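# Summary of the model geometry
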Amino acid sequence: KQEVTQIPAALSVPEGENLVLNCSFTDSAIYNLQWFRQDPGKGLTSLLLIQSSQREQTSGRLNASLDKSSGRSTLYIAASQPGDSATYLCAVSKVTGNQFYFGTGTSLTVIP
Amino acid sequence: DTGVSQDPRHKITKRGQNVTFRCDPISEHNRLYWYRQTLGQGPEFLTYFQNEAQLEKSRLLSDRFSAERPKGSFSTLEIQRTEQGDSAMYLCASKEGRGTEAFFGQGTRLTVV
């Protein structure tokens, strides 16, 4: 079974700060890792997908890195804005099986 | 809107009643997933379809739960004899292929009273 952990569980930063969210997983035999954003009471919005052969992916102010051997991924958010306030989830797909495994998320609050 | 669509968005039901949820995936996606999410937790896998075949089921999916995907298009998730513990957000996702991006719907919020 794949265990996924996200640290910190909650984070509060002033607007404009750069920040890093962490995701770790126990089984390094992964197919890919995907970062999502979830607003309260809503579904999940895909942010970035990193294949196991890749080291990082970038989209706008977001940069996600992957170190498969150590079982870690980070999501870097540059110049945070109040609209970035949400819960951020990482999900890992293993080489075997079809499901993806989620962490419990990091709840981010960006203070204006 | 060409995203994943779920219906209804909210459902309140009395304990013991049956409920059915629908998911319409992105049209060219042959992989469809159902997940369940309770407050403060990450989504938990329930079941997976590839086209019309249900290939994986979680142990979370008790005998009261059944899912179908006729003709490999939309999917339904039925819960029979609902219990208060079934109250959760039910999420549907679809993917085009194994290594591709997963897209989620807005979810169905179930409240069992």
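Described in the following lines is the structure provided in the data block.

Conventions we followed
- Residues numbered from 1 in each chain as written.
- Chains lettered and ligands numbered in written order.
- Predicted model: local features only at pLDDT ≥ 70, side-chain atom pairs only at ≥ 80, totals over all residues.
- Heavy atoms only, no water.
- Helix = DSSP H or I, 4+ residues; strand = E, 2+ residues; numbered from the N terminus.
- Rg over C-alpha atoms; globule rule 2.2 N^0.38 Å.
- Buried < 20%, exposed > 50% of the residue type's maximum accessible area, 1.4 Å probe, protein only.
- Contact = heavy atoms within 4.5 Å.
- Polar contact = N/O pair within 3.5 Å; in protein donor to acceptor, adjacent residues only side chain to side chain.
- Nonpolar A, V, L, I, M, F, W, Y, C, P; charged D, E, K, R; others polar.
- Salt bridge = Lys/Arg side-chain N within 4 Å of Asp/Glu carboxyl O.
- Core = buried A, V, L, I, M, F, W, Y, C linked by side-chain atoms within 4.5 Å.
- Pairing = 2+ DSSP bridges.

## A few points about the overall build of chain B
Looking only at helices and strands, one finds zero helices and 11 strands in chain B. The order of helices and strands in chain B, counted from the N terminus, is β-β-β-β-β-β-β-β-β-β-β. For chain B, the C-alpha radius of gyration of 13 Å lies close to 13 Å, the compact-globule estimate for 113 residues. When the backbone C-alpha atoms are referred to their principal axes, chain B occupies close to 40 × 25 × 25 Å. For chain B, with 113 residues in total, the buried portion stands at 48%.

## Comments concerning the environment of Gln6 of chain B
Residue and element names in this part refer to chain B. Tracing the backbone shows Gln6 in strand β1 (residues 5-7). In the structure, Gln6 is positioned 69 residues away from Ser75 in sequence and 9.6 Å away in space, judged by C-alpha atoms. Leave out the neighbours within four places in its chain, and Gln6 touches Arg22, Cys23, Trp34, Tyr90, Leu91, Cys92, Gly105, Gln106, Gly107 and Thr108. Within the structure, Gln6 has its side chain in polar contact with the backbone nitrogen of Cys92 (distance 3.0 Å).

## Quick notes on the interface of chain A and chain B
With 24 residues of chain A in contact, the opposing surface of chain B contributes 23 residues. Counting every contact that joins chain A to chain B gives 14 residue pairs in polar contact (both at pLDDT 80 or more). Those elements that place two or more of their residues in the side of chain A that touches chain B are β4 (30-38), β5 (44-51), β9 (86-94) and β10 (100-102) of chain A. The element that contributes the greatest number of residues to the side of chain A that touches chain B is β4 of chain A, accounting for five residues. For the side of chain A that touches chain B, the per-class residue count stands at eight nonpolar, 14 polar and two charged.

## Brief notes about the pattern of salt bridges
All names here are of chain B. What the rule picks out here adds up to six salt bridges over all chains. The salt bridge partner of Arg64 is Glu83, with a shortest N-O separation of 3.4 Å. Placement of the pair is Arg64 in the loop between β6 (53-57) and β7 (65-68) and Glu83 in the loop between β8 (75-79) and β9 (88-95), with a sequence separation of 19 residues. Between Arg64 and Asp86 there is a salt bridge, and its shortest N-O distance comes to 2.8 Å. Of this pair, Arg64 sits in the loop between β6 and β7 while Asp86 sits in the loop between β8 and β9, and the two are 22 residues apart along the sequence.

## Focus: the nonpolar core
Soluble globular proteins tend to pack their nonpolar side chains together in the buried interior. Counting residues in hydrophobic clusters, the biggest one holds 24 residues, and the most contacted among them are Leu33, Trp35, Leu75 and Tyr88 of chain A. Mapped by element, the contributors of at least two residues to this core are β3 (19-25), β4, β5, β7 (62-67), β8 (72-77), β9 and β11 (106-111) of chain A. What Leu75 of chain A contacts, discounting residues up to four positions off in sequence, is Leu19, Val20, Leu21, Trp35, Leu47, Leu48, Leu62, Asn63, Ala64 and Tyr88 of chain A. Among the nonpolar cores identified, the runner-up in size contains 19 residues, and Leu61, Ala67, Ile79 and Ala88 of chain B belong to it.

## Topic: the pairing of strand β6 (residues 56-59) of chain A
Residue and element names in this part refer to chain A. Pairing between β6 and β7: four bridges, direction antiparallel. Residue Thr58 lies in a different strand from β7, and its bridge partner there is Asn63. With antiparallel pairing between neighbouring strands as the criterion, β6 and β7 make up a hairpin whose turn holds two residues, including Gly60 at a positive phi of roughly 60 degrees.

By themselves, these are just geometric observations and shouldn't be taken as functional.
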